[in-house]
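# Summary of the model geometry
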Amino acid sequence: MNRRTGILCLLLLLLAGTAYAQDRLERDPGYVDFGSLNASFSGEPTLEVNVKGGLLKLVAEASRFEDPELASLLRKLKAIQVRGFRVDGAQFDGAARQATSIARKLESRGWDTVIRVREYNEHVDMYVKVVDDAIAGLVVMVVGNGDDDTIFLNIVGEIDPEEVGRIGRKFNIGKLNDW
Amino acid sequence: MDEHVEAYLDGDLPLPDATRFEHGLAGEDWAEAVDLARQIQAGLQAQPQLFCPPHVTQTVLREVRRRARASWIQRLQARAEARWRAMWQPALAMAVLVTLVVSAALVGRTPPAPGYEQAEVAVALEDVKWTLAYLSEVGRQTGRSVRRDVLEPHVVEPMQRAVGIVMDHRPNE
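These numbers come from a predicted model, not from an experiment.

If you tally the helices and strands in chain A, you get 6 helices and 6 strands. For chain A, the residues scored as buried account for 33% of the 179 residues in total. Intrachain contacts of chain A at a sequence separation of at least 6 include 60% that bridge at least 24 residues.

Next comes the structure, spelled out in structure tokens:
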């Protein structure tokens, strides 16, 4: 193999690696598929948020002047997905089992448990996926009893929890009570 | 000595050498050899001069030119091939490279963002804000819950009790 052929092979390998690196969102280590949730709960989700790809970029762009800090945070994200379900008392155990099942899968895939709260009428789980010392994904699962809502939340991308907490405190959560 | 015989007969020997050669011939076998050589030379000179027929000359010359031309064409072809090889290999590599870059760009390209209405973007922005606010609130509430239900009853209060016991049993100063 002469030098020219070697260089050509090297270029081929580099390009193949580049093409392979173009992972789809579903293959991202911080992504969690909530597709099975709808079948697990009796009704349709009361809240469904899917902000990703081009829409997420537009949202970041839209908030560039109004809130540069938020825009900066959003630019580092790849997707935000939320599913909210209304769970009555009889469905609480089933919803809790569903959350526990997802939690087990996350743990088996190397996600780290940040918070696990088990109260008689509320379960809270928070998991993070760490890749190369950086958070690549965040999952929050809140299962509430009675009139409380049950929320499954997944944020994909480079996440700084302190930044999320600080920026999140600026916004109104009143919508939660409107469900 | 043979070369001296031939040179002597051809008159190529210098005079001192020729004189010495003639002295050396007396009573030697070389005299016979020189005589024989002289006869051969005279016989050859007596032969009629032959000329190559013109058609043979032309045929030989034509063949020589053909072979020379063939050799020249072969050299030219070899040189052209070497030059062409040096040109097409980088050109082919460049073509393959361009094809791969374009293919990689097409394969890895994310689909173009569909045209979102401004209202959709505004709703998405509100959803994002709400999500971040919810996340922040969950963190705050959980932090409060952990402090109230875990840290205070299981860490702070036992420590306070332990410190109180220690203080109560402290020897009087």
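The next point concerns the packing of helix α6 (residues 161-168) of chain A against helix α5 (residues 118-168) of chain B. α5 of chain B packs onto α6 of chain A with a crossing angle of 110 degrees between their chain directions and a minimal axis gap of 8 Å. In terms of their interaxial angle, α6 of chain A and α5 of chain B are classed as roughly perpendicular. Contacts between α6 of chain A and α5 of chain B involve Val-164, Gly-165, Ile-167 and Gly-168 of chain A from the former and Leu-132, Ala-133, Leu-135, Ser-136 and Gly-139 of chain B from the latter. For the contact of α6 of chain A with α5 of chain B, the per-class residue count stands at 5 nonpolar, 4 polar and no charged.

Attention shifts here to the confidence of the model for chain A. Residue and element names in this part refer to chain A. Averaged over every residue, the pLDDT of chain A is 82; residues scoring 70 or more account for 82%. Under a pLDDT of 50 for its full length, residues 17-22 has, in the predicted model, 5 contacts with residues more than four places off or in other chains. With pLDDT under 50 throughout, residues 175-179 is counted as low confidence; its partners more than four residues away or in other chains account for 7 contacts.

What follows covers the confidence of the model for chain B. Residues and elements named next belong to chain B. Summary statistics for chain B give a mean pLDDT of 82 and a share of 91% for residues scoring 70 or more. For chain B, per-element mean pLDDT is lowest for helix α1 (residues 2-10), which scores 80, and highest for helix α4 (residues 54-108), which scores 85. Under the prediction, the complex receives an ipTM of 0.76, its pTM being 0.56.

Our next topic: the packing of helix α3 (residues 53-62) of chain A against helix α4 (residues 68-75) of chain A. Residue and element names in this part refer to chain A. Running from N to C, α3 and α4 cross one another at 160 degrees; their axes reach a closest spacing of 8 Å. If you check the angle between α3 and α4, you find them roughly antiparallel. In this structure, α3 crosses over α4, and the sense of that crossing is left-handed. Across from Leu-56, Val-59 and Ala-60 in α3, the residues of α4 making contact are Ala-71, Leu-74 and Arg-75. The residue makeup of the contact of α3 with α4, split by class, is 5 nonpolar, no polar and 1 charged.

Residues and elements named next belong to chain A. Along strand β5 (residues 134-144), 8 of the 11 residues are buried, which leaves the element largely enclosed by surrounding structure. As defined by bridge partners, strand β4 (residues 122-131) adjoins β5 across 10 bridges and the pair is classed as antiparallel. Along β5, the bridge assignment pairs His-123 with Val-143. Linkage of β4 to β5, two consecutive antiparallel strands, is achieved through a turn of 2 residues, within which Asp-132 is found at a positive phi near 55 degrees.

Turning our eyes to something else, we now look at the sheet that holds strand β3 (residues 112-119) of chain A. Strands sit in the order β1-β2-β6-β5-β4-β3 (chain A) across an open sheet of 6 strands; the sheet is antiparallel. Two strands close off the open sheet at either side, each with one partner strand: β1 (47-52) and β3 of chain A. Taking each pair of neighbouring strands and ignoring which way they run, the sheet shows an average axis angle of 5 degrees. Alignment of strand β2 (residues 77-86) of chain A against strand β6 (residues 149-159) of chain A, held across 9 bridges, turns out to be antiparallel. Looking across to β6 of chain A, one finds that Phe-85 of chain A is bridged to Thr-150 of chain A. The strands touched by α5 of chain B within the sheet are β1, β2, β3, β4, β5 and β6 of chain A, with β1 of chain A carrying the most contacts at an inclination of about 115 degrees.

Checked against the element boundaries, Gly-110 of chain A lands in the loop between α5 (92-108) and β3. Spatially, the C-alpha atom of Gly-110 of chain A lies 7.0 Å from that of Lys-129 of chain A, the residues being 19 residues apart in sequence.

By size, the foremost hydrophobic cluster in this structure holds 53 residues, and its most contacted members are Val-59 and Val-140 of chain A. The greatest single-element share of this core, amounting to 9 residues, is contributed by α5 of chain B. When residues no more than four places from it in sequence are discounted, the contact partners of Val-140 of chain A are Met-126, Ile-151 and Leu-153 of chain A together with Leu-135 and Val-138 of chain B.

Once that is clear, we can look at the environment of Asp-67 of chain A. Residue and element names in this part refer to chain A. Among the structural elements, Asp-67 can be located in the loop between α3 and α4. Given 18 C-beta atoms within a 10 Å radius, Asp-67 is considered partly exposed. Note: C-alpha distance between Asp-67 and Ile-167 (100 residues apart in sequence) is 9.6 Å.

The next subject is unusual backbone geometry. All names here are of chain A. A positive phi angle, near 55 degrees, is found at Asp-132, a position not held by glycine. Within the secondary structure layout, Asp-132 lies in the loop between β4 and β5. Residues other than glycine seldom take positive phi values, yet Asp-133 does so here, at roughly 65 degrees. Of note, Asp-133 is situated in the loop between β4 and β5. Judged by local crowding, Asp-133 falls into the exposed class, with 5 C-beta atoms found within 10 Å.

Conventions and cut-offs
- Residues numbered from 1 in each chain as written.
- Chains lettered and ligands numbered in written order.
- Predicted model: local features only at pLDDT ≥ 70, side-chain atom pairs only at ≥ 80, totals over all residues.
- Helix = DSSP H or I, 4+ residues; strand = E, 2+ residues; numbered from the N terminus.
- Buried ≥ 20, exposed ≤ 12 C-beta atoms within 10 Å, placed from the backbone.
- Contact = placed C-beta atoms within 7 Å.
- Axes fitted to C-alpha atoms, helices over the stretch in contact; angles between N-to-C directions.
- Parallel < 35°, antiparallel > 145°, perpendicular 65-115°, else oblique.
- Nonpolar A, V, L, I, M, F, W, Y, C, P; charged D, E, K, R; others polar.
- pLDDT = per-residue confidence, 0-100.
- Left-handed = near helix turned anticlockwise from the far one by under 90°.
- Pairing = 2+ DSSP bridges.
- Core = buried A, V, L, I, M, F, W, Y, C linked by C-beta atoms within 7 Å.

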